[in-house]
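Here are the chains, one letter per residue:
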Amino acid sequence: MPRVFVACESVALAADGPARVAEQSAAARRALARAAEHAGLDAYTLSKTARGAPRLDVAGWHVSLAHTRSLALAALAERPVGIDVEDLREGRLAKLQRYFEPDELARLGSLAPRELAALWSAKESVLKLAGVGIEELRLVVLTGRDGATFRLLHRTAPRTVVHREFDSHLVALCVDAAEYELGWLAEPARAGGPR
Ligand SMILES: CC(C)(COP(=O)(O)OP(=O)(O)OC[C@H]1O[C@@H](n2cnc3c(N)ncnc32)[C@H](O)[C@@H]1OP(=O)(O)O)[C@@H](O)C(=O)NCCC(=O)NCCS
């Protein structure tokens, strides 16, 4: 069964602007280093595709990164993977409704900001797995949900996304596999992180 490791790291406080974004990216790379250690990857190089998707030079391994102002995550997997994270304290979550179709909102079953964040992050994780950008958002459609598990269709590809909430954040994970073994790696210093 393919293995999937998800690691999280706190983002060190930094001034707004480029310094904070740089720290968010650095924290995601620290999370990746920890995931790689757990996966037994001795050395790797991270680069980017022409569309900005992160890429590893290790055959058989795939990566996805996500970060907010306070939390960064890395997913390292033996199948293509996409991860996204939303800060549930953000005031803008209610505005996400405009990006979704009425049919999808009916399937979502709720217009609560947390649920809108769940759908948004699910779609983002699907796009990240595919290595494409926000311009394909409307090509990802929610077809059903079962609690924290969302079923979506991206073009002709069926996708399943699982969610996990912790520390005021909602994490969405999409793996291109029917089954996989998931290891959540909490930050050593972080109490209450994912296990
Ligand atoms: C870039 C994008 C993939 C995600 O961006 P985001 O949600 O702003 O940022 P996230 O923290 O979730 O993810 C950032 C990481 O995605 C990765 N990424 C960037 N482009 C990618 C792509 N085409 N495919 C896969 N991953 C990608 C990068 O690794 C990046 O981290 P890095 O710059 O430190 O390497 C894209 O979907 C996007 O532009 N989203 C816009 C988000 C937005 O408009 N939000 C407001 C809604 S109201």
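What counts and what doesn't
Residues numbered from 1 in each chain as written. Predicted model: local features only at pLDDT ≥ 70, side-chain atom pairs only at ≥ 80, totals over all residues. Helix = DSSP H or I, 4+ residues; strand = E, 2+ residues; numbered from the N terminus. Rg over C-alpha atoms; globule rule 2.2 N^0.38 Å. Buried ≥ 20, exposed ≤ 12 C-beta atoms within 10 Å, placed from the backbone. Near = placed C-beta within 6 Å. Core = buried A, V, L, I, M, F, W, Y, C linked by C-beta atoms within 7 Å. Contact = placed C-beta atoms within 7 Å.

J.: Teacher, can you tell me more about the overall build of the protein here?
T.: Helices and strands together make up the secondary structure of the protein, namely three helices and eleven strands. Counting from the amino terminus, helix and strand elements in the protein follow one another as β-α-β-β-β-β-β-α-α-β-β-β-β-β. For 195 residues, the compact-globule estimate of 2.2 N^0.38 gives 16 Å, and the C-alpha radius of gyration of the protein, at 16 Å, lies within 12% of that figure. Taken along the three principal axes of its C-alpha coordinates, the protein extends 45 × 40 × 35 Å. Considering the protein as a whole, with its 195 residues, one finds that 36% of them fall into the buried category.

J.: Quick question: what am I supposed to make of the site of the ligand here?
T.: Within the structure, the ligand sits among 20 residues, and Ser25, Gly52, Ala53, Leu65 and Lys128 are positioned closest to it. Elements that contribute at least two residues to the shell around the ligand include exactly helix 1 (18–39), strand 4 (62–67) and helix 3 (113–130). Broken down by element, the residue count for the shell around the ligand peaks at four residues, all from strand 4.

J.: Honestly, the nonpolar core in this entry has me stumped. Any pointers?
T.: Most often, soluble globular proteins keep nonpolar side chains buried together rather than apart. In terms of nonpolar packing, the biggest core is built from 51 residues, with Ala31, Leu73, Ala74, Ala75 and Leu76 touching the most fellow members. When sequence neighbours within four positions are dropped, the list of residues in contact with alanine 31 reads Ala7, Cys8, Glu9, Ala72, Leu73 and Ala74.

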